[in-house]
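Remarks on the overall topology
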Amino acid sequence: MRERIGIILGMTGILLLLAPSINYQKFELYFLFALKNYWPIGLIVVGMILMNPKKKRKSRY
(Lines give C-alpha, C1' and ligand atoms only; values in the text may rest on other atoms or scores of the structure.)
Protein backbone atom coordinates (compact mmCIF):
# COMPACT_ATOMS: atom_id res chain seq x y z
CA MET A 1 0.00 0.00 0.00
CA ARG A 2 2.78 2.41 0.92
CA GLU A 3 4.61 1.63 -2.34
CA ARG A 4 1.53 2.42 -4.44
CA ILE A 5 0.96 5.70 -2.63
CA GLY A 6 4.62 6.54 -3.17
CA ILE A 7 4.34 5.82 -6.89
CA ILE A 8 1.24 8.00 -7.19
CA LEU A 9 2.86 10.89 -5.29
CA GLY A 10 6.06 10.57 -7.31
CA MET A 11 4.26 10.66 -10.64
CA THR A 12 2.18 13.63 -9.49
CA GLY A 13 5.34 15.46 -8.46
CA ILE A 14 7.01 14.79 -11.81
CA LEU A 15 3.92 16.01 -13.65
CA LEU A 16 3.82 19.23 -11.64
CA LEU A 17 7.56 19.83 -12.11
CA LEU A 18 7.38 19.39 -15.88
CA ALA A 19 4.25 21.46 -16.43
CA PRO A 20 3.34 23.69 -13.46
CA SER A 21 0.80 25.71 -15.48
CA ILE A 22 -1.35 22.87 -16.74
CA ASN A 23 -4.43 23.51 -18.80
CA TYR A 24 -6.71 21.04 -17.02
CA GLN A 25 -9.22 20.76 -19.84
CA LYS A 26 -6.49 19.79 -22.30
CA PHE A 27 -5.01 17.41 -19.73
CA GLU A 28 -8.42 15.80 -19.20
CA LEU A 29 -8.90 15.32 -22.96
CA TYR A 30 -5.44 13.73 -23.27
CA PHE A 31 -6.08 11.48 -20.25
CA LEU A 32 -9.40 10.27 -21.65
CA PHE A 33 -7.80 9.68 -25.06
CA ALA A 34 -4.99 7.65 -23.47
CA LEU A 35 -7.44 5.73 -21.29
CA LYS A 36 -9.60 4.87 -24.30
CA ASN A 37 -6.72 3.78 -26.54
CA TYR A 38 -4.29 2.25 -24.06
CA TRP A 39 -6.57 0.49 -21.54
CA PRO A 40 -4.76 -2.88 -21.90
CA ILE A 41 -1.77 -1.32 -20.12
CA GLY A 42 -4.00 -1.18 -17.04
CA LEU A 43 -4.43 -4.95 -17.24
CA ILE A 44 -0.66 -5.37 -17.43
CA VAL A 45 -0.12 -3.16 -14.37
CA VAL A 46 -2.79 -5.00 -12.37
CA GLY A 47 -1.24 -8.33 -13.37
CA MET A 48 2.22 -7.19 -12.28
CA ILE A 49 0.86 -6.02 -8.93
CA LEU A 50 -0.94 -9.33 -8.39
CA MET A 51 2.16 -11.34 -9.35
CA ASN A 52 4.35 -9.42 -6.89
CA PRO A 53 4.69 -11.72 -3.85
CA LYS A 54 3.71 -10.27 -0.53
CA LYS A 55 6.49 -9.81 1.96
CA LYS A 56 5.94 -11.80 5.12
CA ARG A 57 6.77 -10.17 8.41
CA LYS A 58 8.90 -12.07 10.85
CA SER A 59 7.37 -12.81 14.17
CA ARG A 60 9.04 -11.07 17.09
CA TYR A 61 8.37 -13.93 19.49
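Before reading further, recall that the structure is shown in the block above.
First, a word on what this report is: a plain description of the structure on this page. (Residues numbered from 1 in each chain as written. Predicted model: local features only at pLDDT ≥ 70, side-chain atom pairs only at ≥ 80, totals over all residues. Heavy atoms only, no water.)

**Structural notes on the overall build of the protein**
Formally: Counting from the N terminus, the helices are the DSSP runs of H or I reaching at least four residues and the strands are the DSSP runs of E reaching at least two. We get accessible surface area from the Shrake-Rupley algorithm with a probe of 1.4 Å; when it comes to residues, only the shown protein chains can shield them.
Looking only at helices and strands, one finds 3 helices and 0 strands in the protein. Counting from the amino terminus, the protein carries its helices and strands in the arrangement α-α-α. For the protein, the exposed area adds up to about 6,800 Å²; of that, 69% sits on carbon and sulfur atoms.

**Concerning a nonpolar patch on the surface**
Our working definition: Exposure above 30% relative accessible area and no salt bridge define the residues that can form patches, which grow by joining like charges within 9 Å and nonpolar side chains of Val, Leu, Ile, Met, Phe, Trp and Tyr within 5 Å. The term salt bridge refers to a pairing of a side-chain nitrogen on Lys or Arg with a carboxyl oxygen on Asp or Glu at a separation within 4 Å.
The grouping of Y30, F33, Y38, I41, I44, V45, M48, I49 and M51 at the surface amounts to a nonpolar patch, some 990 Å² of accessible area in total. Ranked by residues supplied to the nonpolar patch, first place goes to helix 3 (residues 40-51) with 6 residues. With respect to the helices and strands, the residue Y38 is situated in the loop between helix 2 (24-37) and helix 3.

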